[in-house]
Amino acid sequence: MTLSACTTVQFDGTEDRLQVYPTDVGKNGVPTQGVVVWGGQVMALTNSEEGTILQILAVPIDSGNVPQPDSRSVGRFIAFYPGFLEPRDYGEGRWVTLAGDLDGLADAQVGEYVMSVPYVKVRQIHLWPPNPYNWSPNWNVGVGVGVTL
């Protein structure tokens with residue numbers, strides 16, 4: 001028999017968060033201010049004296065705030081973290097979920113293309129293990145038979 005536990009990440013102060021995707025922000029009356037909880041894959045990271053800038057390719061998150069890596073992208077966004085994030089840990093390809101304050105739009109460079117994307121000031125960030133298929137812990141319960149000779 002196998003039981004599995006669900007993984008969840010809770011963020012303080014996000015009860016009234018905006019229920020929008022990054023691609024919605026600034027369109028059709030969707031606000032560019034408010035609290036958001038978004039997840040996705042880090043595409044770029046830059047550290048400076050002021051803090052860390054992350055460019056994130058967003059994917060939907062489930063009710064436990066877990067990114068759904070097999071889902072289609074729901075846009076990109078820029079996240080500003082007011083401190084140092086280790087590039088080896090938070091670098092390109094890593095998965096995160098964060099809570100923060102949506103603060104307008106910013107320009108993001110994707111190859112030769114410059115696009116306007118939401119800008120988020122990070123309050124809290126959760127770094128996921130490198131392999132998305134190890135995010136949910138598995139609990140095994142077994143019944144065994146012992147034999148002695």
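This text follows the structure it describes.
A quick note: this is a predicted structure, and the numbers were derived from the prediction, not measured.

Asks: Just checking my understanding: could you explain the overall build of the protein chain for this structure?
Replies: The helix and strand tally for the protein chain stands at one helix and seven strands. Along the chain direction, N to C, the helices and strands of the protein chain fall in the order β-β-β-β-α-β-β-β. Taking all 149 residues of the protein chain together, the buried fraction comes to 38%. Within the protein chain, contacts between residues separated by at least 24 positions form 63% of all contacts whose residues are at least 6 apart in sequence.

Asks: Would you mind showing me how to read the pattern of salt bridges here?
Replies: Between side chains of opposite charge, a pair can form when the charged atoms approach closely. Tallying each qualifying case throughout the model produces two salt bridges. Notably, a salt bridge pairs aspartate 101 with arginine 123, separated by 2.8 Å at the nearest N-O pair. Linking aspartate 101 in strand 5 (residues 95–110) with arginine 123 in strand 6 (residues 113–127), this pair joins segments that are 22 residues apart in sequence. Residue classification places aspartate 101 among the partly exposed positions, given a relative accessible area of 28%. Residue lysine 121 pairs with aspartate 103 through a salt bridge whose shortest N-O separation is 3.2 Å. In this pair, lysine 121 sits in strand 6 while aspartate 103 sits in strand 5, placing the two residues 18 residues apart along the sequence.

Asks: Is there a simple way to explain the pairing of strand 2 (residues 33–47) in this structure?
Replies: The two faces of the sheet receive side chains in turn, since in a regular strand these alternate between them. Pairing of strand 2 with strand 5 involves nine bridges; the strand directions are antiparallel. Following the sheet pairing, glutamine 33 is matched in strand 5 by aspartate 103. Summarising the sheet, strand 2 and strand 3 (residues 52–59) pair through eight bridges and their orientation is antiparallel. The residue bridging alanine 44 from the neighbouring strand is glutamine 55, located in strand 3. If you look at the hairpin formed by strand 2 and strand 3, you'll find four residues sitting between the two strands, and glycine 51 has a positive phi there, around 155 degrees.

Definitions and cut-offs
- For every chain, the first residue of the written sequence is number 1, and numbering continues from 1 along that sequence.
- At least 70 in pLDDT is required for a residue's local features to be given in this predicted model, at least 80 for side-chain atom pairs to be given and counted, and no such filter applies to totals for whole chains, interfaces and linings, which use all residues.
- Only hydrogens and water are set aside; all other atoms, that is, all heavy atoms of the structure, feed into the side-chain values.
- Helix and strand assignments follow DSSP, with helices taken as H or I runs no shorter than four residues and strands as E runs no shorter than two, numbered in order from the N terminus.
- Each residue is placed in one exposure class: buried if its accessible area under a 1.4 Å probe, protein chains only, is under 20% of its type's maximum, exposed if it is over 50%, and partly exposed if it falls in between.
- Whether two residues are in contact is decided by their heavy atoms: any pair within 4.5 Å suffices.
- Each salt bridge in this description consists of a side-chain nitrogen of Lys or Arg and a carboxyl oxygen of Asp or Glu lying within 4 Å of one another.
- Two strands are counted as paired when DSSP detects at least two bridges linking them.

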